[in-house]
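# Coordinate analysis (summary)
Listed below, chain by chain, are the residues.
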Amino acid sequence: MKLYDGMRLMNTQEALQGSVIHHLRYTLGRDWKKASIRDLYWAVSLSVRDRLFERLFETENRYRQGGVKRVYYLSMEFLMGRALGNNLCNLELHDTFKTALEEMGVDLEEVQECTADAALGNGGLGRLAACFLDSMATLGIPGYGYGINYEFGHFRQQFCKGYQRETSDNWLKRGNPWQISRPEEACLVPFFGRIAHTRDKKGDYNPMWRDWEMVVGVPFDMPIVGYGGQTVNTLRLFSAKSSEEFDVEIFNDGDYHEAVKNKISSENISKVLYPSDYFHAGRLLRLVQEYFFVACAIRDIAQTFLRSFDNFDIFPDKVAIQLNDTHPALAIAEFMRYLVDEKALPWERAWSITERTFGYTNHTLLPEALEKWPVSLMEFVVPRHLQIIYEINRRFLEQITLQWPGDEELVRSVSLIEEGEEKQVRMSHLAMVGSHSVNGVAALHTELLKNHLLPDFYRLWPKKFNNKTNGVTPRRWLLKANPGLASLITEVIGDGWIRDLRKLKALEASAEDSEFLKRLMAVKRANKERLAARIWSDAYVRVDPDSLFDVHAKRIHEYKRQLLKALHIVHQYLMITEDDICPEVPRTFVFAGKAAPGYKVAKQIIKLINSIATVVNAHPKARRFLRVAFVPDYRVSVAEKIIPGADLSEQISTAGTEASGTGNMKFAMNGALTVGTCDGANIEIMNEVGRENIFIFGHDVAGIRALREGRDYNPWDIYENDPSVKRILDAFSGNLFCPEDPGLFSWIFEHLLYGRDTYYHLADLSSYLLIQQEVDRCFLDTRKWAGHVVKNIANTGTFSSDRTILEYARDIWGVSPAL
Ligand SMILES: *Cc1c(COP(=O)(O)O)cnc(C)c1O
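Since this is a predicted model, take the numbers as computed values, not measurements.

### A closer look at the overall build of the protein chain
- The number of helices and strands found in the protein chain is 32 helices and 27 strands.
- Over its C-alpha atoms the protein chain spans a radius of gyration of 27 Å, differing by no more than 12% from the 28 Å that the globule rule assigns to 819 residues.
- Burial statistics for the protein chain: of 819 residues in total, 62% are counted as buried.
- Element-wise, carbon and sulfur atoms account for 50% of the exposed surface of the protein chain, whose accessible area totals about 31,700 Å².

So, in structure tokens, the structure goes:
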């Protein structure tokens, strides 16, 4: 049997079967007859991995020979999902492998289903990083992800009596065929200690970082294959290992130091992902994680640079570092320390190199998400870095005072240090000062950054600010997640859309073609059947694939307003049960999403939705028109099943709170229509698909601001003047959904009325109920609905992360594809 073609493994069915059997026998030591599904997963994965490594070496040679500029994407989160199916899809080996395995009596789907997701992220931010890796590899851009190899990823979610229960995600328990450890490239990272204020031979100030403790960072590489397989980049994740042999004399400053040191024994550093989205808890271990990560990354990046070059002045011509939010912002201080302390560069030169190297992406407008670290904590963990941050700040403020003499208010507002009872380092200010580019992630978000969140910085450096609207990879989110739709599209317009999503535009020519519309809706129908089966197996709710599938799937957060969706369902339920008015369109309401374990209101919202589901699904009349299902444990592999089966995509955040959203793009691409507010990328989706092909409702940013600033928003007025609103809210104070637990949901009544409804649910409710009626009317006209679906799919081309990455490459990184 022929296995090799020159230096390359062959991809014939026979060769693939040979690889699988070889790995089963000789790598795993398993007899074919005794192989479990998990053994098969390993054997298949290793066979695919062999093929990735060949191309990885080719890619690395190409980059080295070209002396190319490299991009490093620093992110505390990479929400990768499963690797096997994606790698097969990008290598274009899915079908061959499927048949090869079928002949051996193995079902590829089943093999994939038995594996855990790589859930090293919370939600949108981590998933964006994963989509960017796919796009960089597909485009042939030398781009590397750097992050932490958390031993435990995002928690697993179960429901227990309707309440969220978290269990740990031990995703590495059975090993991971996609990760290769590189202990020979381990980094040494010093922590803690103190600064000795010494002088050098010339008598100049020469601070020494003394009495630190050393932690070892071991890199684990995961190959990232681009579509077509020409390029394989890597995602490098660091695990912390203790290093007794490297301990210097231990500086023992009494019990406090000992106590804390023991708490953070070094291997805990990479133990677990912090499970909160858009919330900064300020925990010591988190700061330690952030520093560990950037210290490893900077050492590694500098090492790679020094293998090819020796002059740091050309560093910015060969390296671009992008900070995914402020979580890795300490990299700026770490790089300065490296250049000044270790490479003895003068401060000014080091600073110019740093500024030209870094770019910073902001992801949120929510104040509770902005990272600030107490100066005392930083001094404890990274005393030398704190000193460097103070020096960066001193020089920065000096420059401000020169430009705007006497403007004390400006100095106070832009300083890297927030004064107050407890002095804190503002990480976003560090990130902005140390970068040549600051970008938002959707047009509206960038405007709000410039004019509302950071107006002083914008006034200082208008040219630093730019927009890079998010995108998602069409490989995972269309080609792999929705094979039925993908092959229909390819049949009609060819397969060019996979690399150039704008080609979808050609589908518009078929918007009136009834034969095409029928096939399109048949694909949707098949996806809904699959989703219905999943809802039954995972949420124990029977649903009808003929009903409208109305999906709200994303992290549970007040600003995303799952509660507004719940108010709509309650309204529908009360119309049926009390007014005897039945909807013309039966609906299945599908929820999915996790709440941060410490976020009480979000966890209550989960309980509420599950309670509503219990009542609605059991009501003999209501259940003929409405079903409610909360699919547990939302993650990438679940999203891949839910999204293709959605008719309606709920994107209903309060205007001005969702920076971009990417779920909105995935749904539209898969032929769901959006009901959304004028927020984040919804606005750009509206502009692309056309106002008549999307359901937009509610206050816009200016409207919400007027309510906030006018101080005349009074939810009580709405409650008293609108009987249907009153009835919905009274259902919560009246125990309709918690007959066995009186008072359980009265908090909602209080939250929305006495709590002044921070996210303006009631301000948008009547408009939301109206637009949902419009949705129903539209859904009744199947052909019209299908026409809207085509217009949506055809106009999502711009939301490919390939477009986003090409803009980063051109405007921020100064790199081009190296193919
Ligand atoms: C895309 C995605 C998200 C982000 O969804 P938003 O609606 O933009 O908040 C979160 N989680 C998973 C698993 C995703 O795939």
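From this point on, the discussion continues.
### Observations regarding the sheet that holds strand β18 (residues 417-418)
- In spatial order, the strands read β17-β19-β18; together these 3 strands make up an open sheet with antiparallel pairing. Only two strands of the sheet have a single partner each, and these edge strands are β17 (372-374) and β18.

### Quick word on the packing of aromatic side chains
- Scanning all chains against the criterion turns up 34 aromatic pairs.
- Here the aromatic rings of phenylalanine 312 and tyrosine 338 are separated by 5.9 Å at their centres, their planes lie at 70°, and the arrangement is edge-to-face. Taken as a pair, phenylalanine 312 in the loop between α8 (284-308) and α9 (315-318) and tyrosine 338 in helix α10 (residues 330-342) lie far apart in primary sequence, 26 residues in all. For the residue pair phenylalanine 312 and tyrosine 338, the accessibility class agrees, reading buried in each case.
- Clustering of aromatic rings is evident, with ring pairs tying together Phe305, Phe309, Phe312, Phe315, Phe335, Tyr338 and Phe358.
- Here lysine 464 stacks its cationic end above the ring of tryptophan 461, 3.7 Å away from the centre of that ring.
- Across from the ring centre of phenylalanine 155, 5.5 Å away, lies the NZ or CZ of lysine 594, which sits over that ring.

### A look at the UniProt feature "modified residue: N6-(pyridoxal phosphate)lysine" (unreviewed entry) in the protein chain
- With numbering matched to this structure, UniProt assigns "modified residue: N6-(pyridoxal phosphate)lysine" (unreviewed entry) to Lys666.
- Its location among the elements puts lysine 666 in helix α24 (residues 663-669).
- By relative accessible area, lysine 666 is classed as buried at 8%.
- Once residues lying within four places of it in the same chain are set aside, the contact partners of lysine 666 are Arg127, Val472, Trp477 and Ile643.

### Points about the site of the ligand
- In the vicinity of the ligand, 13 residues are found, and the nearest of them are Lys554, Lys560, Thr662, Gly663 and Lys666.
- In the model, an oxygen atom of the ligand is placed 3.0 Å from a nitrogen or oxygen of the glycine 663 main chain.
- A distance of 2.6 Å is found between an oxygen atom of the ligand and a side-chain nitrogen or oxygen belonging to lysine 666.
- Summarising the interface, the protein chains cover 96% of the accessible area of the ligand, which totals 390 Å² for the free molecule.
- Looking at the shell around the ligand, the elements that each hand over two or more residues are α23 (636-642) and α24.
- Classifying every residue of the shell around the ligand by side-chain character gives 4 nonpolar, 5 polar and 4 charged.

### Observations concerning the environment of threonine 490
- As for its position among the elements, threonine 490 is in helix α19 (residues 483-493).
- Judged by its relative accessible area of 28%, threonine 490 is partly exposed.
- A sequence separation of 137 residues divides threonine 490 from isoleucine 353, and the C-alpha atoms of the two residues are 47 Å apart.
- Setting aside residues no more than four positions away along its own chain, threonine 490 makes contact with Asp495 and Trp497.

### Considerations on the environment of phenylalanine 745
- Summarising the element assignment, phenylalanine 745 is placed in the loop between α28 (723-733) and α29 (746-753).
- When its relative accessible area of 0% is taken as the criterion, phenylalanine 745 is described as buried.
- Spatially, the C-alpha atoms of phenylalanine 745 and arginine 624 are 25 Å apart, while their sequence positions differ by 121 residues.
- Every residue in contact with phenylalanine 745, bar those within four places of it in the chain, is listed here: Gln604, Lys607, Leu608, Ser611, Phe732, Phe737 and Cys738.

### Points about the nonpolar core
- If you look at the biggest cluster of nonpolar residues, it comprises 275 residues, and the most contacted ones within it are Trp785 and Trp813.
- Ignoring anything within four residues of it in the chain, the contact list for tryptophan 785 reads Met521, Leu548, Asp647, Leu648, Leu673, Phe695, Val775, Cys778 and Phe779.

### Quick notes on the sheet that holds strand β26 (residues 673-676)
- Strand order in the open sheet made by the 6 strands is β24-β23-β22-β25-β26-β27, with parallel pairing throughout. The open sheet has two edge strands with one neighbour each: β24 (626-631) and β27 (695-696).
- Alignment of β26 against β27, held across 2 bridges, turns out to be parallel. Paired with glycine 676 across the strands is isoleucine 696, a residue of β27.
- Packing against the sheet, helix α31 (residues 782-794) makes contact with β22 (548-553), β25 (648-651), β26 and β27, and its axis sits at approximately 85° to β26.

### What to know about the pattern of salt bridges
- Evaluated as defined, the whole model comprises 58 salt bridges.
- With its nearest N and O atoms 2.8 Å apart, the salt bridge here joins arginine 30 to aspartate 39.
- Arginine 30 gets classed as partly exposed once you look at its relative accessible area, which sits at 39%.
- For aspartate 39, a relative accessible area of 13% corresponds to the buried category.
- Arginine 412 is the partner of glutamate 409 in a salt bridge, and the nearest nitrogen-oxygen pair spans 2.7 Å.

### Concerning the confidence of the model for the protein chain
- Per-residue confidence for the protein chain gives a mean pLDDT of 95, with 97% of residues at or over 70.
- Here residues 245-254 is modelled with pLDDT under 50, and outside its nearest four sequence neighbours on either side it reaches 14 contacts, counting other chains as well.

### Notes on the state of the cysteines
- Throughout the structure, instances matching the rule amount to 0 disulfides.
- Of the cysteine sulfurs around cysteine 678, a residue in no disulfide, the closest is that of cysteine 778, at 19 Å.

### A look at unusual backbone geometry
- Here the phi dihedral of alanine 344 falls at roughly 55°; this positive angle occurs in a residue that is not glycine.
- As for its placement among the helices and strands, alanine 344 is situated in the loop between α10 and α11 (347-357).
- Overall, alanine 344 belongs to the exposed group, its relative accessible area being 62%.
- Look at asparagine 735: it is not a glycine, yet its phi comes out positive at around 65°.
- As for its placement among the helices and strands, asparagine 735 is situated in the loop between α28 and α29.
- For asparagine 735, a relative accessible area of 23% translates into the label partly exposed.

### Focus: the environment of serine 308
- The residue serine 308 is located in helix α8 in this model.
- Separated by 35 residues in the primary sequence, serine 308 and leucine 273 have C-alpha atoms spaced 34 Å apart.

### What about helix α20 (residues 514-539)?
- The end-to-end C-alpha distance of α20 is 36 Å, a good match for the 38 Å that 26 residues give at a rise of 1.5 Å each.
- Where α20 begins, the capping side chain belongs to aspartate 513, and its oxygen is found 3.0 Å from the backbone nitrogen of glutamate 515.

### Remarks on the side chain of histidine 385
- Looking at the element boundaries, histidine 385 is found in helix α13 (residues 383-403).
- Contact partners of histidine 385, with chain neighbours within four places excluded, come to Trp209, Tyr291, Ala333, Glu334 and Arg337.

### Some thoughts on the pairing of β26
- Along β26, one buried face is formed by Leu673 and Val675 and the opposite face, lined by Thr674 and Gly676, is buried too.
- In this sheet, β26 lies alongside β25 in parallel orientation, the contact comprising 4 bridges. Each bridged residue has a counterpart across the sheet, and for glutamine 651 the counterpart in β26 is glycine 676.
- In this region the chain leaves β25, passes through α24 and returns to the parallel neighbour β26; the handedness of that crossover is right-handed.
- Between the parallel elements β26 and β27, the chain passes through helix α25 (residues 682-689) in a crossover that is right-handed.

Cut-offs and rules
Residues numbered from 1 in each chain as written. Predicted model: local features only at pLDDT ≥ 70, side-chain atom pairs only at ≥ 80, totals over all residues. Heavy atoms only, no water. Helix = DSSP H or I, 4+ residues; strand = E, 2+ residues; numbered from the N terminus. Rg over C-alpha atoms; globule rule 2.2 N^0.38 Å. Buried < 20%, exposed > 50% of the residue type's maximum accessible area, 1.4 Å probe, protein only. Areas by Shrake-Rupley, 256 points an atom, 1.4 Å probe, with all protein chains shown as cover. Pairing = 2+ DSSP bridges. Phe/Tyr/Trp six-rings, centres within 6.5 Å; stacked < 30°, edge-to-face > 60°. Lys NZ or Arg CZ within 6 Å of the ring centre and 35° of its normal. UniProt positions renumbered as here; feature names shortened; annotations may be inferred. Contact = heavy atoms within 4.5 Å. Near = heavy atom within 4 Å. Polar contact = N/O pair within 3.5 Å; in protein donor to acceptor, adjacent residues only side chain to side chain. Nonpolar A, V, L, I, M, F, W, Y, C, P; charged D, E, K, R; others polar. Core = buried A, V, L, I, M, F, W, Y, C linked by side-chain atoms within 4.5 Å. Axes fitted to C-alpha atoms, helices over the stretch in contact; angles between N-to-C directions. Salt bridge = Lys/Arg side-chain N within 4 Å of Asp/Glu carboxyl O. pLDDT = per-residue confidence, 0-100. Disulfide = S-S within 2.5 Å. Expected span 1.5 Å × (residues − 1). Right-handed = clockwise from strand over helix to strand, strands pointing away.

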